[in-house]
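# Structural characterization, general
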Amino acid sequence: MQPPAPLRLTIDLDALAHNWRWFARASAPAACGAAVKADAYGVGAKAVVERLAAEGCRDFFVATWSEAAGLLPLPAGATLRILHGVLPDDLAFAVASDAIPMLVSAEQVARWRDAAPGRRCDVMVDTGMNRLGLGLDELAALDGLAIDTLHSHLACADEPGHPMNVRQLAAFRALDVPARQRSFANSAGVCEGAAYHFDLTRPGLGLYGGVPHPAAAGQLRQVVRAEAQVVQTRTLKAGEAIGYNRTFAAKADTQVAILNLGYADGYLRAFSGVGQALAGGAALPVLGRVSMDLTAIDASGAALTEGDWVEVDFDLPRASAASGLSQYELLTCLGARYQRRYL
Ligand SMILES: *Cc1c(COP(=O)(O)O)cnc(C)c1O
């Protein structure tokens, strides 16, 4: 017998599919892929790949071969690309796999030529982010390589009108490197417009309900909903403080509910005093410090008792603005104690 979990995560795969279709329409005539690294940003890569493949997505991206190993084989017709390329330790697995490495340095190009002569690969070129990719002065290393997709990655696409966007676009356009196709845009890059789309786009965040750019506001559906159970209710008397370090004191007698949720679940201390739960249409503010396993909320707006469930507000733009955590971090921090339900 399984004991009940006091924390639930509901993952709405119809909302995920809606969001992918929005990016696919926005990307057309370019093909639209899906970044599923970090277990699909914490949402669950297996379920995400299965659903998006059924929607027609053909191109999936993970960071490393150990992530790839958990996903292969992919549904028929779908391709997996490995964003960090091949390190020496990856070679044996990579050569035996039909996933495609995205080579990110001249060293990796030499390694791949040596280990798999003539085999196709992707290449990442750095157009100014200075993170991964061959520099513009290293492109001679690519001569004669069987490049499937030539990629670059935007540093500031979530800042519309940032001069870096057009600078990187011009540098990517100017590349004289033969490849079957080109790919440039993440979620925010898709929103920057058709010039950024090339042949294949690589959205991640927006698929999972994050709003990457003002152009996507109001277009995407929330994918992840979190609910926590009430462990205890109590009355905080006027003048009394609650939680570690007494960071909140009640001005008047206040009805409080203690939730089975804490920073060990990814509800980080950044939500102390600024997060909220939702119950019966009321917003119930977090009071005082979030602790490891427990969070106090002001329950004045709802008649809560022990064992009741409340929704933890996980609207990504709103939760990000409240906590100062990025929408990406909010997703990838989700802990292991949730019971997950896929709709
Ligand atoms: C993670 C990643 C993406 C997806 O980015 P989002 O901002 O989540 O849409 C696309 N391309 C590369 C190279 C990435 O590393």
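Residues numbered from 1 in each chain as written. Predicted model: local features only at pLDDT ≥ 70, side-chain atom pairs only at ≥ 80, totals over all residues. Heavy atoms only, no water.

A few words now on the domain arrangement of the protein. As assigned here, the protein comprises domain 1 (33-208) and domain 2 (224-342). When each unit is reduced to the centre of its C-alpha atoms, the spacing between domain 1 and domain 2 is 38 Å. For the domain 1 and domain 2 pair, buried surface summed over both sides reaches about 770 Å², with 66% attributable to carbon and sulfur atoms. The largest per-residue losses of area from domain 1 upon contact with domain 2 belong to Tyr41, Val43 and Leu205, which jointly make up 58% of the total buried on that side. Our enumeration of links across domain 1 and domain 2 arrives at zero salt bridges. Counting every contact that joins domain 1 to domain 2 gives three residue pairs in polar contact (both at pLDDT 80 or more). (Domains from an automatic or database assignment. Buried area = accessible area lost by both parts, 1.4 Å probe. Salt bridge = Lys/Arg side-chain N within 4 Å of Asp/Glu carboxyl O. Polar contact = N/O pair within 3.5 Å; in protein donor to acceptor, adjacent residues only side chain to side chain.)

Looking now at the packing of aromatic side chains. This structure, assessed with the given rule, holds nine aromatic pairs. Pairing tyrosine 41 with tyrosine 328 gives two aromatic rings, centres 6.2 Å apart and planes at 35°, and the pair type is tilted. Of this pair, tyrosine 41 sits in helix α2 (residues 37-41) while tyrosine 328 sits in helix α10 (residues 327-332), and the two are 287 residues apart along the sequence. Take tyrosine 328: its relative accessible area is 37%, and that puts it in the partly exposed class. Between the aromatic rings of phenylalanine 172 and phenylalanine 198, the centroid separation amounts to 4.9 Å while the plane-to-plane angle is 80°, which identifies the pairing as edge-to-face. One end of the pair, phenylalanine 172, is in helix α7 (residues 163-173); the other, phenylalanine 198, is in the loop between α8 (187-191) and β10 (200-201), with 26 residues separating them in the sequence. Judged by its relative accessible area of 0%, phenylalanine 172 is buried. (Phe/Tyr/Trp six-rings, centres within 6.5 Å; stacked < 30°, edge-to-face > 60°. Helix = DSSP H or I, 4+ residues; strand = E, 2+ residues; numbered from the N terminus. Buried < 20%, exposed > 50% of the residue type's maximum accessible area, 1.4 Å probe, protein only.)

Moving on, we come to unusual backbone geometry. Along the chain, alanine 28 connects to proline 29 via a cis peptide bond; the corresponding omega equals 10°. As for its placement among the helices and strands, proline 29 is situated in the loop between α1 (13-27) and β2 (31-32). Put simply, leucine 72 and proline 73 share a cis peptide bond, and its omega is -5°. Considering the arrangement of structural elements, one finds proline 73 in the loop between α4 (65-69) and β5 (79-82). Positive phi outside glycine occurs at aspartate 39, with the angle close to 55°. Assignment of secondary structure puts aspartate 39 in helix α2. At arginine 246, a residue that is not glycine, the phi angle is positive and equals roughly 55°.

Turning next to the environment of alanine 216. Within the secondary structure layout, alanine 216 lies in the loop between β10 and β11 (224-236). Along the sequence, alanine 216 and alanine 188 sit 28 residues apart, while their C-alpha atoms lie 8.5 Å from each other. Those residues in contact with alanine 216 that sit more than four places away from it in its chain are Trp22, Cys191 and Val211. (Contact = heavy atoms within 4.5 Å.)

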